[in-house]
Amino acid sequence: MSKDVVTEDSGNAIAGSSYGDTRHWTPSRRDFLRMLGAGAAVAAASPLSAFANNTSAVALRSRLLQDDRFWASINSMFVLDPNRTFMNIGTAGSMPKISLDIFDEENRTKARNSGSGYTNLLADRTKVAPGFGVDPDELAFSANTSSGMCHAILGLDWKAGDVVVTTNHEHPGGDVPLRIAEHRYGIEVSRVPMPVGNDQTAETYVNLFQQRINQLRASGKRVKAMMWSSPTYKTGTMLPIAELMEVAKQNELISIVDGAHLPGMMAYDYAKLGMDFMSGAGHKWQCGPGSTGILVVRNKIRASNPLPLPKWYPIHTSSYPTTPPVRTTTGTATYDIGSIITSCGSLHTPMFSALVKACEMWDQIGRKKIETYDLTLSQYLKEKIAERWGVERLYSPKDDPRLVSAITSFNPFHNAIDVLNSTKSGTFVSRMLSDYNRGFVIRNVNVPVINSQADHWPVRISTHLWHNASDVDRLVDAMWDLSKKLA
Ligand SMILES: Cc1ncc(COP(=O)(O)O)c(C=O)c1O
């Protein structure tokens, strides 16, 4: 834990703290820092190390318990309804108290002062960017993942006949701008069918994409870009960014990652990964307010991706120079692309302050620590599902660490064939909420499966920093019970 940590007796003003002068803070905000300090001490005493492949459920459980007190203190920093167990973070996160406090304060200040929001949020982007491994000019605030995907895809200089290689498990947030580009510019979209389940590795995806690029090129097509979700919203499969970036670079392609679930879940360094665009949500795993997103845009040449920057124009901005900005060919940015994207008329600045507070909280806890915990919870859940239902019931991969995320999709039905029944799948989700006193909030999702005429409807579970091993135990018991009742 850094110099910013506060101890029980560290008084009011915290010199050198990234939280600044805390004398005017509400007691709950001071509590936050105290808890973080206390939690950090627990964490330092018993660090949670990354799980190894094929670790048993029992071993994963005891690993999770080592840090139980720390994560319980983190849980208390949220205002989540204690009568429910929120396991659909892939759809919506929840702001911590520290974000709610600043949101409330700044809303009131803004209203009192009739404040405007004409800004490029450079100070905020400067605070947040290091947590994602990039410079402030390479990070824009967007409205959400979908808006970031529109910025990325619709700003590119497409020519009729350009081909984008993607998958058949994409979310409308990325698929819709691709469709608009098909209609408007005449691009073509080529989809690789996604495997499901545990029987896959990172190499599966390298081969799928490379083979498709080879086939397209052999038939005279002009492949221009790759777009994929890491992880997908259907099965939580973490399409392996580092490996797919090698394919993109070898084939001199533009790289666009729908990373809706990445901020707040994974501790990735985007400068090292080197994709052209990564569009993530601020309101899911990062637990910022709704209508916030984080868009990382490659804006200088780094060793991680020596390809020239793609030609790109902003499509949603009120800040654009009179002469077109020239994209750099060196390691030094020629302009702040994050500013151009972020500045579009008057912004509701309190939203972004609340997002920044959530990002600072994540940085203080340690993004890698959160990633490890989230993935360990999810691995624990996957192992328990494999033990009870059988590993073949998983739609998410389990054993290749390059493919795992904190999202778990599986077929919970006693009669496996019921996974084709969307109504029954919907009933499963609603009864997990209504029939169990822990009120489990999960979701289902349609999944196209290779060689299946109809989509499958597994359920999808998100595990995050406010959960513990017992939440997973209770969830699994409830799902097992319900699967028997619905047999
Ligand atoms: C993979 C993926 N992409 C995009 C989106 C859209 O997210 P947002 O609401 O942030 O636009 C989602 C939402 O769940 C998603 O899972």
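All figures in this text were calculated on a predicted structure; none of them were measured in a lab.

Asks: Break down the overall build of the chain for me, with residues and values.
Replies: When helices and strands are counted, the chain shows 15 helices and 12 strands. Classification of the 487 residues of the chain by burial places 58% in the buried group. Taking all contacts inside the chain whose residues are at least 6 apart in sequence as the whole, residues at least 24 apart take part in 72%. By element, 52% of the accessible surface of the chain is carried by carbon and sulfur atoms, the whole surface being about 18,900 Å².

Asks: Explain empty space enclosed by the protein to me, and be specific about the residues and the numbers.
Replies: Tallying each qualifying case throughout the model produces one cavity of 30 Å³ or more. Space inside the largest cavity adds up to approximately 70 Å³. Val134, Glu138, Tyr270, Ala271, Gly274, Met275, Val296, Val297, Arg298, Arg302 and Ser304 together form the lining of the largest cavity. For the lining of the largest cavity, the secondary-structure elements that each account for two or more residues are α10 (270–273) and β8 (293–297). When its residues are assigned to classes, the lining of the largest cavity shows six nonpolar, two polar and three charged.

Asks: Break down the packing of aromatic side chains for me, with residues and values.
Replies: Taken as a whole and judged by the stated rule, the model has 11 aromatic pairs. When the centroid spacing of 4.1 Å and the interplanar angle of 10° are considered together, the rings of Trp71 and Tyr373 count as stacked. In this pair, Trp71 is assigned in helix α3 (residues 68–75) and Tyr373 in helix α13 (residues 367–388), connecting sequence segments 302 residues apart. Taken individually, Trp71 and Tyr373 each receive the classification buried, so the pair is uniform in this respect. Taken together, the ring pairs in this structure connect Phe70, Trp71 and Tyr373 into an aromatic cluster. Sitting over the ring of Phe132, Arg367 keeps its end group 4.4 Å from the ring centre.

Asks: Let's hear about the environment of Leu154: which residues, and what values?
Replies: As for its placement among the helices and strands, Leu154 is situated in helix α6 (residues 145–155). On the accessibility criterion, Leu154 (17% relative accessible area) is buried. Residues Leu154 and Tyr185, spaced 31 residues apart in sequence, show a C-alpha to C-alpha distance of 9.7 Å.

Asks: Could you give an account of the site of the ligand, with specific residues and numbers?
Replies: In the region of the ligand, 13 residues are neighbours, and Thr145, Ser146, Asp258, His261 and Lys284 sit closest. Interatomic distance of 3.5 Å between a backbone N/O atom of Gly90 and an oxygen atom of the ligand. Take Thr145: an N or O atom from its side chain is 2.7 Å from an oxygen atom of the ligand. Starting from 400 Å² of accessible surface for the ligand in isolation, the protein chains cover 90%. Per-class residue counts for the shell around the ligand are three nonpolar, eight polar and two charged.

Asks: Hey, could you go over the sheet that holds strand β7 (residues 277–281) for me, with residue numbers and the actual values?
Replies: Spatial ordering of the open sheet is given by β2-β8-β7-β6-β5-β3-β4, a layout of seven strands whose pairing is mixed. This sheet does not close on itself; its edge strands, each paired only once, are β2 (139–142) and β4 (188–192). Between one strand axis and the next, the sheet turns through 20° on average, direction left out of account. With five bridges connecting them, β7 and β8 associate as antiparallel partners. When the bridges of β8 are listed, Gly280 appears paired with Ile294. Sitting on the sheet, helix α9 (residues 241–250) touches β5 (222–229) and β6 (254–258), and the angle it makes with β5 is about 175°.

Asks: Tell me about the side chain of Thr292, and name the residues and values.
Replies: Here Thr292 shows up in the loop between β7 and β8. A distance of 2.7 Å separates a polar atom in the side chain of Thr292 from the backbone oxygen of Pro289. Apart from residues lying up to four places away in sequence, Thr292 is in contact with Ser142, Ala143, Asn144, Ala281, Gly282, His283, Met351, Phe352 and Leu355.

Asks: Summarise unusual backbone geometry; cite the residues concerned and give the values.
Replies: That bond from Ser230 to Pro231 is cis: its omega, -10°, falls within 30 degrees of zero. With respect to the helices and strands, Pro231 occurs in the loop between β5 and α9. At Leu121, a position not held by glycine, the phi torsion is positive, near 55°. Structurally, Leu121 can be placed in the loop between α4 (97–112) and α5 (122–128). A residue is classified by how much of its surface remains accessible, and Leu121, at 5% relative accessible area, is buried. One non-glycine residue with positive phi stands out, namely Glu252, at about 55°. Along the chain, the position of Glu252 falls in the loop between α9 and β6.

Asks: Give me the lowdown on the sheet that holds strand β12 (residues 459–462), citing residues and values where you can.
Replies: Across the sheet, which stays open at both edges, the three strands sit in the order β9-β12-β11 with antiparallel pairing between neighbours. Since the sheet does not close on itself, it has two edges, and those belong to β9 (407–410) and β11 (443–444), each with one partner. Inspection of the sheet shows β11 paired to β12 by two bridges, in the antiparallel sense. Bridge assignment links Asn444 to a residue of β12, and that residue is Val459.

Asks: Hey, could you go over the packing of α13 against helix α15 (residues 469–485) for me, with residue numbers and the actual values?
Replies: Orientation of α13 relative to α15, taken along the N-to-C sense of each, is 30°, at an axis distance of 10 Å. In this view, α13 runs roughly parallel relative to α15, as classed from their interaxial angle. Handedness of the α13/α15 crossing: right-handed. Mapping the contact onto sequence places Leu377, Tyr380, Leu381, Lys384 and Arg388 in α13 and Ala469, Val472, Asp473, Leu475, Val476, Asp477, Met479 and Trp480 in α15. The residue inventory of the contact of α13 with α15, partitioned by class, reads nine nonpolar, no polar and four charged.

Definitions and limits used
- Residues numbered from 1 in each chain as written.
- Predicted model: local features only at pLDDT ≥ 70, side-chain atom pairs only at ≥ 80, totals over all residues.
- Heavy atoms only, no water.
- Helix = DSSP H or I, 4+ residues; strand = E, 2+ residues; numbered from the N terminus.
- Buried < 20%, exposed > 50% of the residue type's maximum accessible area, 1.4 Å probe, protein only.
- Contact = heavy atoms within 4.5 Å.
- Areas by Shrake-Rupley, 256 points an atom, 1.4 Å probe, with all protein chains shown as cover.
- 1 Å grid on protein atoms, 1.4 Å probe; cavity = no way out; pocket = protein on both sides within 12 Å on 5 of 7 lines; lining within 4 Å.
- Points joined across faces, edges and corners; volume = space filled by probe spheres on them.
- Nonpolar A, V, L, I, M, F, W, Y, C, P; charged D, E, K, R; others polar.
- Phe/Tyr/Trp six-rings, centres within 6.5 Å; stacked < 30°, edge-to-face > 60°.
- Lys NZ or Arg CZ within 6 Å of the ring centre and 35° of its normal.
- Near = heavy atom within 4 Å.
- Polar contact = N/O pair within 3.5 Å; in protein donor to acceptor, adjacent residues only side chain to side chain.
- Pairing = 2+ DSSP bridges.
- Axes fitted to C-alpha atoms, helices over the stretch in contact; angles between N-to-C directions.
- Parallel < 35°, antiparallel > 145°, perpendicular 65-115°, else oblique.
- Left-handed = near helix turned anticlockwise from the far one by under 90°.

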